[in-house]
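Each chain, written out:
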Amino acid sequence: MHYQLTAEIIKLSVSDYWDSAKLEWNFEYAYQSETQETCLCGHYPIRNICVIRNLENKNQTEVGNCCINKFLGIDKGNKIFESINKLKDDISKSMNAEVLEYLNDKKVITQFEYDFYTDTLRKRVLSQKQLDMREKINRKLLSFTSYESNSVFSRINLVLKWAENNKWFDAKFVESLKQNCERNGKLTEKQTLALENIISKLKIV
Ligand SMILES: [Zn+2]
């Protein structure tokens with residue numbers, strides 16, 4: 001399993017050597033799949049999945065959270081999955097502070113939401129209004145880390161990666177779709193259609 005994973009990662013890296021190839025990769029997103037999937041190492045089934053991105057050639061791939069810990073030394077997914085599971089169990093609880101930072105970095109939440117959540121993170125007793133706000137922000141995490149929004153991101157990233165080699169293409173619209181999806185966890189029907197039109201018209205695979 002270990003060999004298969006390192007071989008797959010090296011194939012997608014610039015370097016041919018594991019020790020340097022693994023340093024090319026950065027954590028990008030985490031999501032929890034509704035269906036059981038297979039890890040790059042061959043392990044089945046996995047549900048906690050991290051999307052990692054190669055800083056040199058912009059390749060992207062998905063790896064099970066356990067493998068990313070063990071072999072790539074990236075542990076950013078752990079806290080995210082802990083919080084997802086906790087909130088799926090009880091939406092009135094708080095997510096971890098690091099996960100809140102992650103949502104903020106990805107611009108999933110507004111400055112106001114970030115400040116509110118930080119101020120009330122450790123509070124057990126909230127007013128109904130505050131509780132509603134906390135739950136609303138919690139739902140943003142769940143939708144951002146859902147399979148549905150991740151499949152949109154992978155379509156968007158496909159176009160953005162292609163655009164890097166096709167400089168004539170103005171990627172501003174697709175960039176704005178990405179920001180939209182980060183904010184809302186999904187695209188509207190119209191936006192999805194526009195994205196799929198671009199992919200088929202330009203024959204991006
Ligand atoms: Zn694995």
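Residues numbered from 1 in each chain as written. Predicted model: local features only at pLDDT ≥ 70, side-chain atom pairs only at ≥ 80, totals over all residues. Heavy atoms only, no water.

Enquirer: Please explain the packing of aromatic side chains as it appears in this structure.
Expert: The relation between two aromatic rings is expressed through the spacing of the ring centres and the mutual angle of the planes. Throughout the structure, instances matching the rule amount to nine aromatic pairs. A centroid spacing of 5.9 Å and a plane angle of 55° characterise the contact between Tyr 102 and Phe 144, whose relative ring orientation is tilted. Of the two residues, Tyr 102 sits in helix H5 (residues 97-105) while Phe 144 sits in helix H7 (residues 128-144), which places them 42 residues apart along the sequence. Phe 144 carries the same exposure label as Tyr 102, and that label is buried. With a centroid separation of 6.1 Å and an interplanar angle of 85°, the aromatic rings of Trp 168 and Phe 169 are classed as edge-to-face. Its relative accessible area of 59% is what places Trp 168 among the exposed residues. The class for Phe 169 is buried, based on a relative accessible area of 16%. (Phe/Tyr/Trp six-rings, centres within 6.5 Å; stacked < 30°, edge-to-face > 60°. Helix = DSSP H or I, 4+ residues; strand = E, 2+ residues; numbered from the N terminus. Buried < 20%, exposed > 50% of the residue type's maximum accessible area, 1.4 Å probe, protein only.)

Enquirer: I tried to follow the coordination of the zinc ion on my own but got confused; where do I start?
Expert: Note on metal geometry: ideal angles are 109.5 degrees for four donors arranged tetrahedrally and 90 or 180 degrees for six donors arranged octahedrally. Protein coordination at the zinc ion: the donors are Cys 39 (SG), Cys 41 (SG) and Cys 67 (SG), at 2.1 to 2.3 Å from the metal. Every donor residue of the zinc ion comes from the same chain, spaced as C-x1-C-x25-C. In this pair, Cys 41 is assigned in the loop between strand S1 (25-37) and strand S2 (46-54) and Cys 67 in helix H3 (residues 65-72), connecting sequence segments 26 residues apart. Of the two residues, Cys 41 and Cys 67, both sit in the buried class. (Donors = N, O, S within 2.8 Å, 3.2 Å for Na, K, Ca; no water.)

Enquirer: Just checking my understanding: could you explain the sheet that holds S2 for this structure?
Expert: Whether parallel or antiparallel, the strands of a sheet pair through hydrogen bonds between backbone atoms. Spatially, the three strands line up as an open sheet ordered S1-S2-S3, and their pairing is antiparallel. Taken across any chain shown, the strands that pair with only one partner, and hence form the sheet edges, are S1 and strand S3 (60-64). Neighbouring strand axes in the sheet, compared pairwise and without regard to direction, differ in orientation by 30° on average. (Pairing = 2+ DSSP bridges. Axes fitted to C-alpha atoms, helices over the stretch in contact; angles between N-to-C directions.)

Everything listed here is a matter of geometry and, on its own, says nothing about what the molecule does.
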